[in-house]
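Coordinate analysis (summary)
For reference, the chains in residue letters:
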Amino acid sequence: MKVVFASSEIYPFAKTGGLADIAGALPRKIASQGVKVFGFMPLYKTVDINKHGIIKIDASVDVKLNNRVYTFEVYKKIDDATFFFLKNDELFGRDYLYGPPEGDYPDNDIRFGAFSYAVMEFIKRENLNPDLIHVNDWQTALIPVLNYYKYNNHHVRTVITIHNLAYQGICDKFAIERLNLGWDIFHMEALEYYDKVNFLKGGIVFSSAVTTVSPTYAKEITYPEYGYGLDGVLRKYSNKLYGILNGIDYDVWNPETDKHIYENYCVFTIQKKSINKKLFLKEVGLKDEVKPLYIFIGRLAHQKGVDLIMDSIEEMSKMSANFAILGFGDREYNDFFKSIEGKYENIFVKVDYNETLSRKMYAAADFLLMPSLFEPCGLNQMIAMRYGTLVIARETGGLKDTVKDISQPDGYGFLFKNPTKEEFLNALYRAAELYNNKKLFENLQKKVMEIDFSIDSTARKYIKLYESLKYSREG
Ligand code: ADP
């Protein structure tokens with residue numbers, strides 16, 4: 001079977017969040033199980049082609065759009081899967097993938113629309129003949145639309161994975177003309193969304209299957225509360241909607257081999273985790289390694305429950321505990337956290353995107369905070385557990401599918417239901433109490449390290465889905 005896999009970010013080439021982790025790991029794992037996979041990503045200015053051994057090939061594609069021609073040069077890298085990078089500096093030679101903290105680039109419809117056309121053109125020109133095209137989130141959601149509507153490849157199956165329904169690629173209706181689409185698909189049953197064009201909706205309608213990244217989120221998004229206006233569409237297509245739990249790449253996230261952490265360890269040498277804690281505290285100027293260390297790593301966005309942390313910060317500063325917060329995101333949150341850098345003796349704050357620091361934190365921490373208001377899957381909690389760090393999370397989406405509260409038989413984490421300061425702080429206090437029971441705490445650290453959150457089983461489920469679509473009748 002041959003599969004094209006398109007994503008706006010693929011680890012380790014470009015990453016702003018979990019999408020990159022999955023889009024990096026999944027094609028490789030699927031390829032290692034015998035499927036031929038071609039990955040596609042825009043070549044951003046930020047991609048270090050020398051470091052990654054990405055080379056230019058003798059090919060280019062022209063996309064006629066918006067009354068002009070966009071030429072994409074083609075770059076390539078072969079490892080387990082073959083990755084193609086499409087380069088157009090006018091569209092992608094910018095400082096950010098989607099836009100600065102103030103907001104998205106205004107021409108994102110053209111940027112990702114042109115990229116989507118370029119992928120389709122390249123597939124055609126190079127006769128890749130895929131059985132299936134798998135796309136991810138709104139940025140590549142136009143590909144299934146083009147595949148069906150522009151290229152008439154009705155035999156080529158398409159899968160769209162929704163990593164986060166909150167981002168849909170909504171733009172004014174004249175995008176229909178800018179993107180060379182026809183007004184015949186600008187209606188409620190296709191791309192139209194309240195008199196605007198909605199990329200993600202197009203992807204949902206035109207794909208053979210829609211997946212999302214955890215079973216709970218697959219259910220949640222069919223309700224108005226989590227549906228971001230698309231719950232009706234998702235209910236309509238619920239017969240082709242699947243929740244497949246994401247996983248993490250155990251080669252990338254492994255405390256035994258991680259070069260960035262202070263001291264490697266595994267479940268049998270868990271005591272060495274404390275060396276990481278000690279050296280991390282020293283590095284960032286926190287004291288008292290006997291106290292529990294809570295960390296937060298993530299996009300500073302409303303979704304991530306950042307407001308709960310902001311509201312609780314005074315109480316946290318009075319706890320007999322240390323905190324380390326690493327995040328970067330929306331301007332208002334960046335500004336708030338910058339304003340408290342160095343303010344509290346027991347709270348280290350860094351407003352930045354820094355993978356090395358994040359790895360040191362996963363290794364050093366006792367508890368990870370994930371108070372998300374919604375969380376399609378969430379990878380931080382899986383990474384944390386792989387590093388022997390217990391998780392404190394809100395009971396939603398993928399967090400509900402991966403964290404079991406300590407009050408349950410075989411529980412190993414802390415869940416709270418309502419996103420209130422009281423419930424959040426209560427979970428922190430419950431964790432602190434458990435931390436004092438050293439024997440139980442260590443047992444749980446070992447236990448979470450041994451739970452299997454690897455992407456291998458995710459890959460197997462996707463291959464099964466691909467197979468079922470390949471053999472299903474056209475519909
Ligand atoms: P998202 O909704 O942002 O995709 P996920 O939990 O699915 O959230 O994935 C987040 C990924 O991004 C994890 O690998 C996490 O370690 C990483 N990450 C998030 N913010 C930062 C940051 N400020 N610095 C380093 N890594 C980060």
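Within each chain, residue numbers correspond to sequence positions counted from 1 in written order. Thresholds applied to this predicted model are a pLDDT of at least 70 for local features of residues and 80 or more for the giving and counting of side-chain atom pairs; totals over whole chains, interfaces and linings are not thresholded and use all residues. The basis for every side-chain value is the complete set of heavy atoms in the structure, and neither hydrogens nor water enter the calculation.

Right, let's get into the nonpolar core. In these notes, a set of buried Ala, Val, Leu, Ile, Met, Phe, Trp, Tyr and Cys residues joined through side-chain atoms within 4.5 Å is what counts as a nonpolar core. Note on classification: 1.4 Å probe, protein chains only; a residue is buried when its accessible area is under 20% of the maximum for its type, exposed when over 50%, partly exposed between these limits. Core analysis: the largest hydrophobic core is formed by 178 residues, its most contacted members being Phe40, Phe72, Leu191, Phe280, Tyr294 and Leu428. In this description a helix means any DSSP run of H or I spanning at least four residues, a strand means any run of E spanning at least two, and both kinds are numbered starting from the N terminus. Considering each element in turn, this core owes the most residues, 10 residues, to helix 4 (residues 108-125). An automatic or database domain assignment is the source of the domain bounds shown. There are two domains that each give this core at least three residues, and those are domain 1 (2-248 + 456-474) and domain 2 (267-452). We call two residues in contact whenever any of their non-hydrogen atoms come within 4.5 Å of each other. When near neighbours in sequence (up to four residues on either side) are disregarded, Phe40 contacts Val4, Phe5, Ala6, Ser7, Ile10, Phe84, Leu86, Phe115, Val119, Phe122 and Leu128.

Next up on the list: the domain arrangement of the protein. Where interface size is quoted, it is often the accessible area lost as the parts come together. On domain assignment, one finds that the protein holds domain 1 (2-248 + 456-474) and domain 2 (267-452). Relative to domain 2, the C-alpha centre of domain 1 lies at a distance of 32 Å. Contacts between domain 1 and domain 2 engage 24 residues on the former and 26 residues on the latter. When two parts are brought into contact, each loses some accessible area as probed by a 1.4 Å sphere; the total of that loss over both is the buried area. Of the roughly 1800 Å² buried between domain 1 and domain 2 on both sides combined, carbon and sulfur atoms contribute 60%. Together, Pro101, Thr216 and Ile248 form the three largest contributors to the area buried by domain 1 at its contact with domain 2, with a combined 27%. The rule for a salt bridge is simple: a side-chain nitrogen of Lys or Arg has to be within 4 Å of a carboxyl oxygen of Asp or Glu. Our count for the domain 1 to domain 2 interface comes out at one salt bridge. Taking the shortest distance from any N to any O, the salt bridge between Arg331 and Glu102 comes out at 2.9 Å. Counting residues per element, the ones that place at least two in the side of domain 1 that touches domain 2 are helix 1 (18-32) and helix 8 (215-220). In terms of residue class, the side of domain 1 that touches domain 2 is built from 12 nonpolar, eight polar and four charged. Nonpolar residues are Ala, Val, Leu, Ile, Met, Phe, Trp, Tyr, Cys and Pro. Charged residues are Asp, Glu, Lys and Arg, and all others, Gly as well, are polar.

Neighbouring residues are identified by heavy atoms, a residue being near a molecule or strand if any of them is within 4 Å of it. The environment of the ligand is made up of 22 residues, and the closest members are Lys15, Gly18, Asp21, Arg299 and Tyr362. Two N or O atoms form a polar contact when they lie within 3.5 Å of each other; inside protein one atom must be a possible hydrogen donor and the other a possible acceptor, and for residues adjacent in sequence the pair counts only when both atoms belong to side chains. Side-chain polar atom of Arg299 to an oxygen atom of the ligand: 2.7 Å apart, as the coordinates give it. Take Leu379: an N or O atom from its main chain is 2.9 Å from an oxygen atom of the ligand. Look at the ligand: alone it shows 570 Å² of surface, and the protein chains cover 93% of it. The protein chains shown are the only cover counted for residues, whose accessible areas, like all others here, come from Shrake-Rupley with a 1.4 Å probe.

With that out of the way, let us pick up the pairing of strand 14 (residues 322-329). Within strand 14, seven of the eight residues are buried, leaving the element largely enclosed by the surrounding structure. As paired strands, strand 13 (residues 293-300) and strand 14 are joined by eight bridges and run parallel to one another. Each bridged residue has a counterpart across the sheet, and for Leu293 the counterpart in strand 14 is Asn322. When the strands point away from the viewer and the connection leading from the first strand across the helix to the second strand turns clockwise, the crossover is called right-handed. Handedness of the strand 13-helix 12 (residues 306-318)-strand 14 crossover: right-handed. Relative to strand 15 (residues 347-351), strand 14 runs parallel, the two being bridged by five bridges. Across the sheet, Ile325 pairs through a bridge with Val349, a residue of strand 15. For two strands to be treated as a pair, DSSP must find no fewer than two bridges joining them.

If you walk across this open sheet you meet the six strands as 15-14-13-16-17-18, and the pairing is parallel. For this open sheet the edge positions go to strand 15 and strand 18 (414-416), each flanked by a neighbour on one side alone. Shown here is a sheet whose adjacent strand axes are inclined to one another by a mean of 15°, direction ignored. Sheet topology note: the strand 13/strand 16 (residues 367-370) ladder contains two bridges and is parallel. The residue bridging Tyr294 from the neighbouring strand is Phe367, located in strand 16. Every angle, taken between N-to-C directions, lies between 0 and 180 degrees, and every axis is a line fitted to C-alpha atoms, over only the stretch in contact when it is a helix. Here helix 14 (residues 355-364) sits on the sheet in contact with strand 13, strand 14, strand 15 and strand 16, set at roughly 145° to strand 13.

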